[in-house]
Amino acid sequence: MRKTDTLVIGSGPGGYVAAIRLGQLGRQTTIVEREDLGGVCLNWGCIPSKALIHMASTFERTKHGGDIGVEATGVKADLKKFQAWKKTVVEKLTGGVGMLLKGNKVDVVKGQAKFTGPNTVEVAGKKETETIEFKHCIIATGAKPIEIPGFAYDEKNVIGAKGALALDAMPARMVVIGGGVIGLELGTAYAKLGCKVTVLEALDQLLPGQEPTLVKMVEKGLKKRGVEWMVKAKAKGYKAVAGGLEVDVETEKGPAKVACDRILVAVGFRPITDILDLPKAGVKTNEKGFIATDKAGRSNVPHIFAIGDVSGPPYLAHKASKEGIVAAEVIAGHKSEKDYVIPGAIFTDPEIATVGMTEAEAEKAGIAVKVGKFAFVANGRALSMNETDGFAKVVSDAKNDVLLGVQLVGPEVSNLIAEAALAIEMGASAEDLALTVHPHPTLSEAIMEAAEGVYGKAIHGVNR
Ligand code: NAD
């Protein structure tokens, strides 16, 4: 029987990061993975989807380059070539994870683990089954796409995110069920490639939970690319008809039908716990199926931790990684806990990036706020990129100016939000952001100007 100090189950951005930190801290660690190293994020989530988004944006920019003096004819999108390139990107990263695990003396066991007791798992590999005894365990098994009635994933008519990132030919028309993050990120990418996309969202706005003013900007981008959408719309089923598929939709105004060639279902994720035989280890899940954890990431069984998607939303790779680091440090006897703000980035066009509280959330919490807003149309860099839709918004506490949140929608804002996260982590004020010199001409100046706007002092905007 293999014995290990710490066993990590799952090698996504939660599990592999935890294993590396455990290795750095000198803990003898084994990681179990049933598929390829890297989990959803590296293999068919964050990274491949950003590759598709980049490819689609490059295609769109080249095609429409005439506006800024780049004339190109015969521009083609070749999804077969894209797939080959994407594979190299994924392989570089997953190969890198393998090397890092090795470099940190982490043993990798391939197979699917399930608990056989509070200190043992059985790992079913392709050829044999082995038992591993552990002192500590970190469960990092992630989450998987929810399936809805009438739309079983058959990878032909109905695909999920994984299938959508593996297409090597473009459907002419696509129905996207779910106007959330995946639906809009991939829907936008396919629309840029020339696909006629229709999004069906069950709730009353796209990207539910995001501030409506941010979503309005994303809607403008969708409209520009011919994407249609329905809110308060539920897909009920579909059938094959001459020339394609037909989706039955229930809307406020009555039943509707949408014709398409492929259906992408992106209606959320659910945690992967069913394969683990958790009762054998005594680990409990809550009513939503997540493994409930304390501030260190411990489950109800003190030597078993859970991190990332399996421990609950938000389903974000960077949240999983941070939880992995906390759990690893706690196991290694260090003081560490989950105490941080988690920024979010949505790779639509324009992008959304947020951290901390929105104006509405602060007001709901009874905090009086001051707000500054700055539009990218007045930012020199955005203008020179020909991408001016969007704005930066800074929310601070009216009492002491402490920064509460920053919301961005606009070009490349996913690369700007970390500044705001750092400011919040450090307890900075909106004035600190405003006083910090930002290089010109950069998109980051929009954050500075929004912070100046809190005092009515934005230079390049009319202050309200
Ligand atoms: P999501 O929760 O973002 O969106 C699902 C959407 O589907 C929701 O708006 C929901 O109201 C809608 N919906 C549910 N049932 C429906 C139905 N029957 N008909 C129509 N609409 C329905 O989930 P997702 O887009 O599947 O993504 C899964 C998870 O992965 C999310 O938590 C997401 O945040 C995360 N993710 C994050 C990023 C990122 O941060 N950039 C990228 C991809 C995925």
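Residues numbered from 1 in each chain as written. Predicted model: local features only at pLDDT ≥ 70, side-chain atom pairs only at ≥ 80, totals over all residues. Heavy atoms only, no water.

## What about the domain arrangement of the protein?
Here is step 1 of the chain: Along its sequence, the protein is organised into domain 1 (2-145 + 270-331), domain 2 (158-267) and domain 3 (344-453).
Here is step 2 of the chain: Its C-alpha centre places domain 1 at a distance of 31 Å from the equivalent point of domain 3.
Here is step 3 of the chain: Contacts between the two partners involve six residues from domain 1 and, on the opposite side, four residues from domain 3.
Here is step 4 of the chain: Interface area, domain 1 with domain 3, both sides summed: about 440 Å², of which 50% is carbon and sulfur.
Here is step 5 of the chain: The tally of links from domain 1 across to domain 3 stands at one salt bridge.
Here is step 6 of the chain: The partner of R61 in a salt bridge is E387, with the nearest N and O atoms 3.1 Å apart.
Here is step 7 of the chain: Linking domain 1 with domain 3 are one residue pair in polar contact (both at pLDDT 80 or more).
Here is step 8 of the chain: Grouping the constituent residues of the side of domain 1 that touches domain 3 by class yields two nonpolar, no polar and four charged. (Domains from an automatic or database assignment. Contact = heavy atoms within 4.5 Å. Buried area = accessible area lost by both parts, 1.4 Å probe. Salt bridge = Lys/Arg side-chain N within 4 Å of Asp/Glu carboxyl O. Polar contact = N/O pair within 3.5 Å; in protein donor to acceptor, adjacent residues only side chain to side chain. Nonpolar A, V, L, I, M, F, W, Y, C, P; charged D, E, K, R; others polar.)

## What about the environment of G39?
Here is step 1 of the chain: Note on placement: G39 falls in helix 2 (residues 39-44).
Here is step 2 of the chain: Taking C-alpha positions, G39 is 23 Å from T120, a pair spaced 81 residues apart along the chain.
Here is step 3 of the chain: Ignoring anything within four residues of it in the chain, the contact list for G39 reads S11, G12 and W44. (Helix = DSSP H or I, 4+ residues; strand = E, 2+ residues; numbered from the N terminus.)

## Here we look at the site of the ligand
Here is step 1 of the chain: If you check the shell around the ligand, you find 21 residues, and the closest are I182, E185, E201, G268 and A345.
Here is step 2 of the chain: In the model, an oxygen atom of the ligand is placed 3.1 Å from a nitrogen or oxygen of the V181 main chain.
Here is step 3 of the chain: Backbone polar atom of I182 to an oxygen atom of the ligand: 2.8 Å apart, as the coordinates give it.
Here is step 4 of the chain: Relative to its unbound accessible surface of 830 Å², the ligand loses 78% to contact with the protein.
Here is step 5 of the chain: A per-class count over the shell around the ligand returns 16 nonpolar, three polar and two charged. (Near = heavy atom within 4 Å. Areas by Shrake-Rupley, 256 points an atom, 1.4 Å probe, with all protein chains shown as cover.)

## A short note on helix 7 (residues 212-224)
Since the α-helix turns once every 3.6 residues, residues separated by three or four places project in the same direction.
Here is step 1 of the chain: In this model, helix 7 (13 residues) spans 18 Å end to end at C-alpha, consistent with the 18 Å of a helix rising 1.5 Å per residue.
Here is step 2 of the chain: Inspection of helix 7 places L214, V215, V218, E219, G221 and L222 among the buried residues, and these make up the whole buried set. Mapping the buried residues of helix 7 onto a view down its axis gives an arc of 160°, with all of them on the same face. More than 90 degrees from the buried face of helix 7, the exposed residues found are K216, K223 and K224.
Here is step 3 of the chain: Elements in contact with the buried residues of helix 7: helix 6 (181-192), strand 11 (228-230), strand 19 (351-356), strand 21 (391-397) and strand 22 (403-410).
Here is step 4 of the chain: Residue G226 follows helix 7 closely and has a positive phi angle near 75°. (Expected span 1.5 Å × (residues − 1). Buried < 20%, exposed > 50% of the residue type's maximum accessible area, 1.4 Å probe, protein only. Arc of directions from axis to C-beta.)

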